[in-house]
Amino acid sequence: ATRDSYIELGIELVKLNMIDQALQSFKRANHIREDHLSLYNSASLYYKKSDYKTAILQLEKARKLKPDFVMTSILAGICYSRLNNIRAAEVNFINVLMTEPANRTALTALSILYHNQGRINESLNLVNRVTTLYRPGTNLIKLKSGLIKSSINGSRKEKEEGAKC
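Predicted model only: the values in this text are computed from it and were never measured. (Residues numbered from 1 in each chain as written. Predicted model: local features only at pLDDT ≥ 70, side-chain atom pairs only at ≥ 80, totals over all residues. Heavy atoms only, no water.)

Another point: the pattern of salt bridges. If you walk through the whole model with that rule in mind, you get 10 salt bridges. Here aspartate 4 ties to arginine 3 by a salt bridge, and the two come within 4.0 Å at their closest N and O atoms. Look at arginine 3 and you get buried, because its relative accessible area is 9%. Between lysine 66 and aspartate 68 there is a salt bridge, and its shortest N-O distance comes to 3.5 Å. Lysine 66 sits in the partly exposed class, given a relative accessible area of 31%. A single salt-bridge network, built from bridges that share partners, covers Arg87, Glu90, Arg119 and Glu122. (Salt bridge = Lys/Arg side-chain N within 4 Å of Asp/Glu carboxyl O. Buried < 20%, exposed > 50% of the residue type's maximum accessible area, 1.4 Å probe, protein only.)

Right, dumping it as structure tokens:
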């Protein structure tokens, strides 16, 4: 079998949700010759299996082959955040935004990362960028209103704590 046939088989197996078999097919394709897309596809499958460390290893190989493929950095950022390596996640999302300042996925992921860290104002600034660049959907509007409420509540708490001193 050729490398392309292994890749095509892997894609079909993913459609059938046969993740382990798809991974084997992509591994065979990569054994013949590695390229950034087949490594990225393998990493995506490891991510689906919650094997974030192996996904990152595949993504780093893919990045070496094609450093400007932004999906590699986006998925790496998500994997690092799942592993609670917040700094590495942030660096990956920021790297995407340095080359593609309007990348909706990176803006949203970084906003969520900041929100989860309690960095509400930074999160809100990113959500505002997304809503300025794109027509906001219902979930984005809910996220924005939630961030605004968190920001207001945070300001109240700071004032109350300041008054207690």
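Next comes the rest of the account.
Another point: unusual backbone geometry. Trans is the prevailing form of peptide bonds, just as negative phi is the prevailing case for residues other than glycine. A positive phi is found at asparagine 17, a non-glycine position, where the angle reads about 60 degrees. Of note, asparagine 17 is situated in the loop between helix H1 (3-15) and helix H2 (19-32). With a relative accessible area of 56%, asparagine 17 lands in the exposed category. A positive phi angle is found at serine 50, which is not glycine, with a value near 65 degrees. (Helix = DSSP H or I, 4+ residues; strand = E, 2+ residues; numbered from the N terminus.)

Before going further, it helps to examine the packing of helix H5 (residues 70-82) against helix H6 (residues 86-99). At a closest axis distance of 7 Å, the pairing of H5 and H6 adopts a crossing angle of 160 degrees. In terms of orientation, H5 lies roughly antiparallel with respect to H6. Of the two possible hands of crossing, H5 and H6 adopt the one that is left-handed. Along its contact with H5, which presents Val70, Ser73, Ile74, Ala76, Gly77, Ile78, Tyr80 and Ser81, the element H6 presents Ala88, Ala89, Asn92, Phe93, Val96 and Thr99. The class makeup of the residues in the contact of H5 with H6 is 9 nonpolar, 5 polar and no charged. (Axes fitted to C-alpha atoms, helices over the stretch in contact; angles between N-to-C directions. Parallel < 35°, antiparallel > 145°, perpendicular 65-115°, else oblique. Left-handed = near helix turned anticlockwise from the far one by under 90°. Contact = heavy atoms within 4.5 Å. Nonpolar A, V, L, I, M, F, W, Y, C, P; charged D, E, K, R; others polar.)

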